[in-house]
Amino acid sequence: ARWDGQGVPKGLAADELVLGARVAHVAEACEVYLRNYDSDAALEMVTSRSGSHFDPEIAAAVKPAANELFASIGDDTYEEVLAAEPVERPSLTEERLDDVLAAIGDFCDLRIPCFAGHSRRTAALADAAGEMLQVPDDQRRLLRRAAHVHDVGRIGVPATIWAKPGPLTTTERERMHLHSYYVERIFSRPEPLHRVGLLAGAHHERMDGSGYHRGTGGPMLSLPARVLGAADAYAAMLEPRAHREALEPDRAADELRREVAEGRLDAAATEAVLAAAGHSAARVRAGGPAGLTAREADVLGLLARGHANKAIARQLGIAPKTVSNHLERIYSKLGVSNRASATMRAMELGVV
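Reference entry: report on the structure contained in this document. Because the structure is a prediction, the values reported are computed rather than measured.

Focus on the overall build of the protein
Scanning the protein for helices and strands turns up 18 helices and zero strands. Taking the principal axes of its C-alpha atoms as reference, the protein extends roughly 75 × 45 × 40 Å. Carbon and sulfur atoms make up 54% of the accessible area of the protein, which totals about 18,700 Å². Of the charged side chains in the protein, 42 are positive and 49 negative, and the gap between their average positions amounts to 8 Å.

Some remarks on the side chain of Glu259
Tracing the chain through its elements places Glu259 in helix 13 (residues 249-261). Classification of Glu259 by relative accessible area gives buried; the value is 15%.

Looking at the pattern of salt bridges
Scanning all chains against the criterion turns up 29 salt bridges. With a closest N to O distance of 3.8 Å, Glu259 and Arg258 form a salt bridge. The partner of Lys333 in a salt bridge is Glu296, and the shortest N-O contact between them spans 2.8 Å. With a gap of 37 residues between them, Lys333 in helix 17 (residues 320-334) and Glu296 in helix 15 (residues 294-304) connect regions that are remote in the sequence. By relative accessible area, which is 37% here, Lys333 ends up partly exposed. For Glu296, a relative accessible area of 2% puts it in the buried group. Beyond isolated ion pairs, a larger network of salt bridges with shared partners links Glu94, Glu95, Asp98, Asp127, Arg140, Arg141, Arg144 and Arg145.

Focus: the packing of helix 8 (residues 137-149) against helix 11 (residues 191-200)
Look at helix 8 against helix 11: their axes get within 8 Å of each other, and the N-to-C directions meet at 65°. When the interaxial angle is binned, helix 8 and helix 11 end up roughly perpendicular. Between helix 8 and helix 11 the crossing geometry is right-handed. Residue-level inspection shows Gln139, Leu142, Leu143, Arg145, Ala146 and Val149 of helix 8 in contact with helix 11, the latter providing Arg195, Val196, Leu199 and Ala200. Its residues placed into classes, the contact of helix 8 with helix 11 shows seven nonpolar, one polar and two charged.

Some words on the packing of aromatic side chains
Taken as a whole and judged by the stated rule, the model has three aromatic pairs. Seen from their ring centres, Tyr33 and Tyr37 are 5.3 Å apart, and the 45° between their planes marks the pair as tilted. A relative accessible area of 24% means that Tyr33 is categorised as partly exposed. Ring centres of Phe115 and Trp162 lie 5.8 Å apart, and the angle between their planes is 90°; this geometry places the pair in the edge-to-face category. On the criterion of sequence distance, the pair formed by Phe115 in the loop between helix 6 (94-109) and helix 7 (118-132) and Trp162 in helix 9 (residues 159-162) is long-range, its members being 47 residues apart. By relative accessible area, which is 6% here, Phe115 ends up buried.

Observations regarding the nonpolar core
Side chains of a nonpolar character, in soluble globular proteins, are inclined to be buried together. Of all hydrophobic cores here, the largest spans 40 residues; its most connected members are Val149, Phe187, Leu199, Val227, Tyr234, Leu256 and Val273. At nine residues, the largest contribution of residues to this core is made by helix 12 (residues 223-237). One finds Ile312, Leu316, Ile318 and Ala346 within the second-largest nonpolar core, a separate group that totals 19 residues.

Overview of unusual backbone geometry
The step from Val8 to Pro9 runs through a cis peptide bond, and the omega angle for that step is 5°. You can see Pro9 is positioned in the segment before helix 1 (19-36). Residues Arg189 and Pro190 are joined by a peptide bond in cis, for which omega reads 0°. For Pro190, the position within the fold is in the loop between helix 10 (170-186) and helix 11. Although it is not a glycine, Ala14 sits at a positive phi angle of roughly 50°. Along the chain, Ala14 falls in the segment before helix 1. The exposure class of Ala14 is partly exposed, given its relative accessible area of 26%. We note that Gln134 has phi near 60°; this positive angle belongs to a residue other than glycine. By the element assignment, Gln134 lies in the loop between helix 7 and helix 8. By relative accessible area, Gln134 is classed as exposed at 70%.

Here is what the cut-offs are and how they apply
- Residues numbered from 1 in each chain as written.
- Predicted model: local features only at pLDDT ≥ 70, side-chain atom pairs only at ≥ 80, totals over all residues.
- Heavy atoms only, no water.
- Helix = DSSP H or I, 4+ residues; strand = E, 2+ residues; numbered from the N terminus.
- Areas by Shrake-Rupley, 256 points an atom, 1.4 Å probe, with all protein chains shown as cover.
- Lys, Arg positive; Asp, Glu negative; His and termini not counted.
- Charge placed at Lys NZ, Arg CZ, Asp CG, Glu CD.
- Buried < 20%, exposed > 50% of the residue type's maximum accessible area, 1.4 Å probe, protein only.
- Salt bridge = Lys/Arg side-chain N within 4 Å of Asp/Glu carboxyl O.
- Axes fitted to C-alpha atoms, helices over the stretch in contact; angles between N-to-C directions.
- Parallel < 35°, antiparallel > 145°, perpendicular 65-115°, else oblique.
- Left-handed = near helix turned anticlockwise from the far one by under 90°.
- Contact = heavy atoms within 4.5 Å.
- Nonpolar A, V, L, I, M, F, W, Y, C, P; charged D, E, K, R; others polar.
- Phe/Tyr/Trp six-rings, centres within 6.5 Å; stacked < 30°, edge-to-face > 60°.
- Core = buried A, V, L, I, M, F, W, Y, C linked by side-chain atoms within 4.5 Å.

Fair warning: the whole summary comes from geometry, so function is off the table for now.
So, in structure tokens, the structure goes:
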């Protein structure tokens, strides 16, 4: 947007622009000029844009305070900026926050045409799958919010990478992987959005630890994270990409189930997503790799970290005898006979 109304949205001008936005317009342009040129160039730019791009009053305030303002570049002034804002910040209702996050996801999807609508489709699938899996209401709302913004980190990756029709180079692939890290950082503050960012940043994690950006797997992935991963994967498969055509729904379902068979996606989460998409899905208990149930995967993870049976029981809130029963079944499913072998298998499966 611009002070003179020649920006976007068209016609929004002068005091119709929120004061914080008017200040941010000047600050953002100054940062770019300081990084690429020098303070004289930054001041000349601010003067030349006064009354067109910039609010004249804010532009005029820059020059006499330039040394102090420009010296703070690079400092973490987040809390100071919030405290200095000269207008009262409205509090959003839960419903309004849902709408805002959905709008942010829509905006980011528009950057690359083939992604249009992806975040909304992912959120709808994840929400419906969460309901089928009886995810508690507060966790479902968190899941839905994270799904809406899970790909916001794409903004930090060059559009040429997303639009490349051929295979990515190793460097391009590494840069692409960073988008899940970026979304976690973008929503790291304020605190009410921190959990949204953590879950959104996990949408490419996989049960066997082969995903990114943390390489988390097994019991370390919450059920909402498993649902989000499956919903994102299915929604993406139905959409065209620069390197491939869109898949037919049945083909996409087959691909997702292959991922389950190979230990990368959670069976229960995947079947719930497919059921939400209209596929005939088998009823499967939430579980981990190698046929372990979710509880067995939890027990195995603690065992591999050196916990004794009683300590495992205390952490999981179950009886020591129940832990022993779980371990008996775990050893049988993994084809092992002792703690050391079970720990090795846990590492191979991404449980730890």
